[in-house]
Amino acid sequence: MPELPEVETTLRGIRPHLEGRILSAVTVRESRLRWPVSEALYGLKDCPVIALRRRAKYLLIELEAGQLMIHLGMSGTLRVVDAALPLRKHDHVDLLLDSGKVLRFNDPRRFGSVLYQPGAEPHALLAALGPEPLGEDFHGDWLFRRSRGRKVAVKSFIMDNATVVGVGNIYAQESLFLAGIHPSRPAGRISRERYQRLADAIKAVLARAIEAGGTTLKDFTRADGQPGYFAQSLHVYGRAGQPCLQCGTLLKADRHGQRSTSYCPQCQR
Ligand SMILES: [Zn+2]
């Protein structure tokens, strides 16, 4: 599943091809995605593309009259290709640009979405989101204040989009290891200092993943056609039963919700 680093990598790949161009037309071949493709999209013609941004795992394409929101879901990819390039299976939506290129959305499992919000108001899906992990509003104090009185496991706490967006399963496990925090510890029972370390670890892990071009999506293709997948060194994720890279103790696994979490019982308290 594309995580925040893959979405950021996609944004950086496609941005130079879209900003300042004109969106000439939209072709929708399959509208049944996670939510139906916004009907307002069909009528879009000759719209200047003002800017591209990312919010959580949404790619936002700002037009003069509104905002396009693309989510990659489980298996979505975006590529900038020549308009004449033959279609592949699951190429559901094309945004045709005045450069003769198209931004092509492919999604075999169709959990992604392509939505359009007219006007300047942010879409309702974005309204309840917590801060960006790499932004200035996200820091140890924020985690500390928000967690007081909470009994939920710290791993679930940091994976909650209302706490902070974009901390997926892999990144949560790696950050908790780097901060030396046990994933099952109640969120309300962690000190300010330890939350400072955790916030720093989340920022470091995500920044490194963005540098590497994203971690999880094996067939991820960068907008320029180069493979965007680089194996990133992982300390705990997927390593339960193997020795801790720091102390040699065998890593254990706990469950949080439906997900398994690996951790070192020695290094993480
Ligand atoms: Zn250890």
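Look above for the structure.
Calculation criteria
- Residues numbered from 1 in each chain as written.
- Predicted model: local features only at pLDDT ≥ 70, side-chain atom pairs only at ≥ 80, totals over all residues.
- Heavy atoms only, no water.
- Buried < 20%, exposed > 50% of the residue type's maximum accessible area, 1.4 Å probe, protein only.
- Helix = DSSP H or I, 4+ residues; strand = E, 2+ residues; numbered from the N terminus.
- Pairing = 2+ DSSP bridges.
- Lys, Arg positive; Asp, Glu negative; His and termini not counted.
- Salt bridge = Lys/Arg side-chain N within 4 Å of Asp/Glu carboxyl O.
- Polar contact = N/O pair within 3.5 Å; in protein donor to acceptor, adjacent residues only side chain to side chain.
- Contact = heavy atoms within 4.5 Å.
- Donors = N, O, S within 2.8 Å, 3.2 Å for Na, K, Ca; no water.
- Tetrahedral: all angles 85-135°; square planar, octahedral: opposite > 155°, others 65-115°.
- Expected span 1.5 Å × (residues − 1).
- Bend = angle between axes of the 7 residues up to and from the residue.

Let's shift gears to the pairing of strand E7 (residues 101-106). In terms of burial, E7 is a largely internal element, five of the six residues being buried. In the sheet, strand E5 (residues 77-82) pairs with E7 via six bridges, with the strands oriented antiparallel. What sits directly across from Val80, in E7, is Leu103. By the bridge criterion, five bridges tie strand E6 (residues 91-97) to E7 in an arrangement that is antiparallel. By the bridge assignment for E7, Asp94 is matched with Arg104.

Attention shifts here to the pairing of E6. Counting buried positions over the seven residues of E6 gives six, a clear majority of the element. By the bridge criterion, five bridges tie strand E1 (residues 22-28) to E6 in an arrangement that is antiparallel. Residue pairing in the sheet places Thr27 in a bridge with Asp94 of E6. Between E6 and the antiparallel strand that follows it, E7, lie three residues; Gly100 among them carries a positive phi value of about 90°.

We now examine the side chain of Arg194. Residue position: Arg194 is located in helix H6 (residues 192-212). Buried charge Arg194 goes without a salt bridge, the closest partner of opposite sign being Glu193 at 8.5 Å. Within the structure, the side chain of Arg194 is placed 2.8 Å from the backbone oxygen of Gly180, a separation counted as a polar contact. Ignoring anything within four residues of it in the chain, the contact list for Arg194 reads Gly180, Ile181, Arg185 and Arg269.

Moving on, we get to the coordination of the zinc ion. Note on the zinc ion: its protein donors are Cys244 (SG), Cys247 (SG), Cys264 (SG) and Cys267 (SG). The metal-donor distances range over 2.2 to 2.4 Å. Relative to the metal, the four donor atoms surrounding the zinc ion lie at angles of 102 to 115°, and the coordination shape comes out tetrahedral. Coordination of the zinc ion draws on donor residues from a single chain, spaced C-x2-C-x16-C-x2-C in sequence. Remark: Cys267 occurs in the segment after strand E10 (259-263) and Cys247 occurs in the loop between H6 and strand E9 (252-256); sequence separation between them is 20 residues. According to the relative accessible area criterion, Cys267 is partly exposed, its value standing at 21%.

Given 3.6 residues per turn, any residue in an α-helix points the same way as the ones three and four places further on. With 15 residues, helix H1 (residues 4-18) should reach 21 Å at 1.5 Å per residue; the first-to-last C-alpha distance of 20 Å fits that figure. When the local axis directions of H1 are compared, the greatest deviation, roughly 25°, occurs at Arg12, which is followed within four positions by the proline Pro16. Those residues of H1 not exposed but buried are Leu4, Pro5, Glu6, Val7, Glu8, Thr9, Thr10, Leu11, Ile14 and Leu18. Of the residues flanking the end of H1, it is Gly20, one or two places downstream, whose phi is positive at about 85°.

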